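Each chain, letter by letter, is given below.
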Amino acid sequence: MPVYTIRHSPALHGEAQINTSKNAVLPILAAALLCSSPVTIHRAPRLTDVDHMLRVLTDCGARIERQDRDITIYPAALRQPREPQNLHSLRASILVLGPLCVRLGEAIVPLPGGCAIGQRPVDIHLNGLRAMGAETEQADNCAVARGRLRGANIYLDFPSVGATENLLMAAALADGVTRIENAAKEPEIVDLADFLNLAGAHIVGAGTGTLVIEGVSRLSGVEYTPIADRIEAGTLACAAAGASVVHVDAAKGMVQWARDNAKLSGLEGAPVRWIVDDCKKFLEREIRRGSRYDGIVMDPPSYGRGPGGEVWKLEESVYELCRLAAQVLAGDALFLLLNSYTTGLSASVMEYLLAVTAGARGGKTSSSEIGLPVAANGLVLPQGSTAIWER
């Protein structure tokens, strides 16, 4: 679980451009396989995972051209991937499963490896494709889906971001209307839907728990710039507040990615500590050491799987996280902030938890919904909840 902890330091000055989000770029690259003409992605970050995904697309028959940070994908001659090592090295490679199945009528995709938070099975992906009419199996260390896809009503066992993205892409070209309930709500889901709609898809509800997709017969190539990275933006905002920052995350690759983004933004010398660790373990260790911080921002995932495949949910552990974080706050601490993007936690419940755990030291608590404004109609799509205790 990621955590940012802040201490007082001389203020930083200047301007930094936030890079595009890796977690938005990777599914959009996979979605380019759905298009019948070239797709250009602007300002793609220079990261190892992006390079891995481009090798995956090449293995699937696409031709790739790169010019600085612009990537053009030519998806005309698709095929099944032939080099398993390309897919084993990247968790997001499973995102080609839906596009290949709906474009070719069959997808045989080597299963990707795990990551620092453990193995994450692809059963939700396969169950969704099965509901859409595919015959699915896991055989010879591959995920297999065959058949003509048609619209269906799909309920996800929990709001998996990867499964939501895979099924959303498959449904874009499937026959009929697909409805996905308990879908992930992250901004990256909204960005993927925006890309697909620009290419000609008919998708509504992105950013909510219910997605409705009316399949179309063809998607056209487009030029697109993915959203900025919210994790990088939060880190730089904390650093600019005149503080030293500790970035703690269980995924070594994620920490390296954040370090690379800081370097690209001209903040290589900024007072930032980079730690690969679990948020809960980090807080427990800092309590034992007697460390104290002026501010903490927590942006934990909403669910996950333990090393044995067991599912845990943020709703069941958020109180303990808040309690531990409150113990790490300095006596004159400034704030404790908690964000939640895809869980059923309401803003008022989160505010109550902070009042109970941190409110004893005085100050005040507040909360609000996180929303994404839609310029076209003035509506605001719900994205999650945020709550803060502040002095």
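Keep in mind it's a predicted model, so treat the numbers as computed, not measured. (Residues numbered from 1 in each chain as written. Predicted model: local features only at pLDDT ≥ 70, side-chain atom pairs only at ≥ 80, totals over all residues. Heavy atoms only, no water.)

Peer 1: How should the pairing of strand β7 (residues 142-146) be read in this particular structure?
Peer 2: Remark: a regular strand shows side chains that alternate across the two faces of the sheet. Among the 5 residues of β7, 4 are classified as buried, and the element is accordingly described as predominantly covered. Note that strand β5 (residues 106-110) and β7 share 5 bridges and pair antiparallel. Across the sheet, residue Val109 finds its bridge partner in β7, namely Ala143. Of the pairings in the sheet, the one linking strand β6 (residues 135-139) to β7 comprises 5 bridges and is antiparallel in character. For Ala139, the partnering residue across the bridge sits in β7 and is Cys142. The antiparallel hairpin formed by β6 and β7 contains 2 residues in its connecting segment, where Asp140 sits at a positive phi of about 50 degrees. (Buried < 20%, exposed > 50% of the residue type's maximum accessible area, 1.4 Å probe, protein only. Helix = DSSP H or I, 4+ residues; strand = E, 2+ residues; numbered from the N terminus. Pairing = 2+ DSSP bridges.)

Peer 1: Looking at this model, I keep getting lost on the pattern of salt bridges. Mind explaining?
Peer 2: Pairing is possible between side chains of opposite charge, provided their charged atoms come close. Applying the stated criterion across every chain yields a total of 10 salt bridges. A salt bridge links Arg63 to Glu65; the nearest nitrogen and oxygen atoms lie 2.8 Å apart. Between Asp175 and Arg148 there is a salt bridge whose closest N-O contact spans 2.6 Å. Of this pair, Asp175 sits in the loop between α6 (161-173) and β9 (177-181) while Arg148 sits in the loop between β7 and β8 (153-155); the two residues are 27 residues apart in sequence, bridging distant segments of the chain. (Salt bridge = Lys/Arg side-chain N within 4 Å of Asp/Glu carboxyl O.)

Peer 1: I'm lost on the sheet that holds strand β2 (residues 39-41) in this one. Help?
Peer 2: In a beta sheet, neighbouring strands are held together by backbone hydrogen bonds and run either parallel or antiparallel to one another. The 4 strands lie next to each other as β3-β4-β2-β12, forming an open sheet whose pairing is mixed. Since the sheet does not close on itself, it has two edges, and those belong to β3 (63-67) and β12 (223-224), each with one partner. In this structure, β3 lies alongside strand β4 (residues 70-74), joined through 5 bridges in antiparallel fashion. Opposite Ile64, over in β4, you have Ile73 as the bridge partner.

Peer 1: Sorry, what's going on with helix α7 (residues 187-198) here?
Peer 2: Along an α-helix, a turn takes 3.6 residues, which lines up residues three or four apart on a common side. Taking 1.5 Å per residue, 12 residues should reach 16 Å; α7 reaches 16 Å between its end C-alpha atoms and fits that length. Burial runs high along α7: 9 of the 12 residues are buried. Along α7, the residues that are buried comprise Pro187, Glu188, Ile189, Val190, Asp191, Leu192, Ala193, Phe195 and Leu196. In the stretch just after α7, Gly200 is the one whose phi turns positive, near 120 degrees. (Expected span 1.5 Å × (residues − 1).)

Peer 1: Before we go on, may I ask you to explain the sheet that holds β6 in this structure?
Peer 2: Spatially, β5-β7-β6 is the arrangement adopted by the 3 strands of the open sheet, whose pairing is antiparallel. A single partner strand is all that each edge strand has here, and the edge strands are β5 and β6. Strand-to-strand, the axes of this sheet are offset by a mean angle of 10 degrees, without reference to chain direction. Its contacts with the sheet place helix α4 (residues 97-104) against β5 and β7, and it is angled at close to 155 degrees to β5. Strands β6 and β7 of the sheet are contacted by helix α5 (residues 123-131), whose axis makes an angle of about 155 degrees with β6. (Axes fitted to C-alpha atoms, helices over the stretch in contact; angles between N-to-C directions. Contact = heavy atoms within 4.5 Å.)

Peer 1: Help me understand the packing of aromatic side chains in this model?
Peer 2: A ring pair, where both rings are aromatic, is described by two values, the distance of the centres and the angle of the planes. Inspection of every chain in the model, using the stated rule, returns 1 aromatic pair. Arranged with centres 5.6 Å apart and planes meeting at 75 degrees, the rings of Phe195 and Tyr224 form a pair that is edge-to-face. Of this pair, Phe195 sits in helix α7 while Tyr224 sits in strand β12, placing them 29 residues apart in sequence. Overall, the relative accessible area of 0% leaves Phe195 in the buried class. Judged by relative accessible area, which is 12%, Tyr224 ranks as buried. Looking at Arg63, its charged tip hangs above the ring of Tyr74, at a distance of 3.9 Å from the centre. Above the ring of Trp389, the side-chain terminus of Arg361 is found at 5.8 Å from the ring centroid. (Phe/Tyr/Trp six-rings, centres within 6.5 Å; stacked < 30°, edge-to-face > 60°. Lys NZ or Arg CZ within 6 Å of the ring centre and 35° of its normal.)

Peer 1: Help me understand the environment of Glu351 in this model?
Peer 2: Tracing the chain through its elements places Glu351 in helix α12 (residues 347-358). Here Glu351 falls in the partly exposed class, since its relative accessible area comes to 21%. Residues contacting Glu351, with those up to four places away along its chain left out, are Thr365, Ser366, Ser367 and Ala387.

Peer 1: Where do I start with the pairing of β9 in this structure?
Peer 2: With burial as the criterion, only one face of β9 is covered, namely that bearing Thr178 and Ile180; the residues Val177, Arg179 and Glu181 on the opposite face remain uncovered. As judged from the 3 bridges shared by β8 and β9, these two strands associate in the parallel manner. Within the sheet, the bridge partner assigned to Asn153 lies in β9 and is Arg179. Crossover β8 to β9 through α6 is right-handed. For β9 and strand β11 (residues 210-214), the ladder comprises 5 bridges, and the chain directions are antiparallel. (Right-handed = clockwise from strand over helix to strand, strands pointing away.)

Peer 1: Would you mind going over the packing of α5 against α6 with me for this structure?
Peer 2: Each pair of packed helices can be described by the angle between their axes along with the distance between the axes. Between α5 and α6, whose axes approach to 9 Å, the crossing angle comes to 25 degrees. In this view, α5 runs roughly parallel relative to α6, as classed from their interaxial angle. Considering only the axes of α5 and α6, their crossing is right-handed. Facing Ile124, His125, Gly128 and Leu129 of α5, the residues of α6 in contact are Gly162, Ala163, Asn166, Leu167 and Ala170. Considering only residue class, the contact of α5 with α6 consists of 5 nonpolar, 4 polar and no charged. (Parallel < 35°, antiparallel > 145°, perpendicular 65-115°, else oblique. Left-handed = near helix turned anticlockwise from the far one by under 90°. Nonpolar A, V, L, I, M, F, W, Y, C, P; charged D, E, K, R; others polar.)

Peer 1: How should the packing of α4 against α6 be read in this particular structure?
Peer 2: Closest axis-to-axis distance for the α4/α6 pair is 7 Å, and the angle between their directions is 15 degrees. Classified by the angle their axes make, α4 and α6 are roughly parallel. The handedness of the crossing between α4 and α6 is right-handed. Counted together, Leu97, Gly98, Pro99, Val102 and Arg103 of α4 and Asn166, Met169, Ala170 and Leu173 of α6 form the full contact between these two elements. Residues of the contact of α4 with α6, tallied by class, amount to 6 nonpolar, 2 polar and 1 charged.

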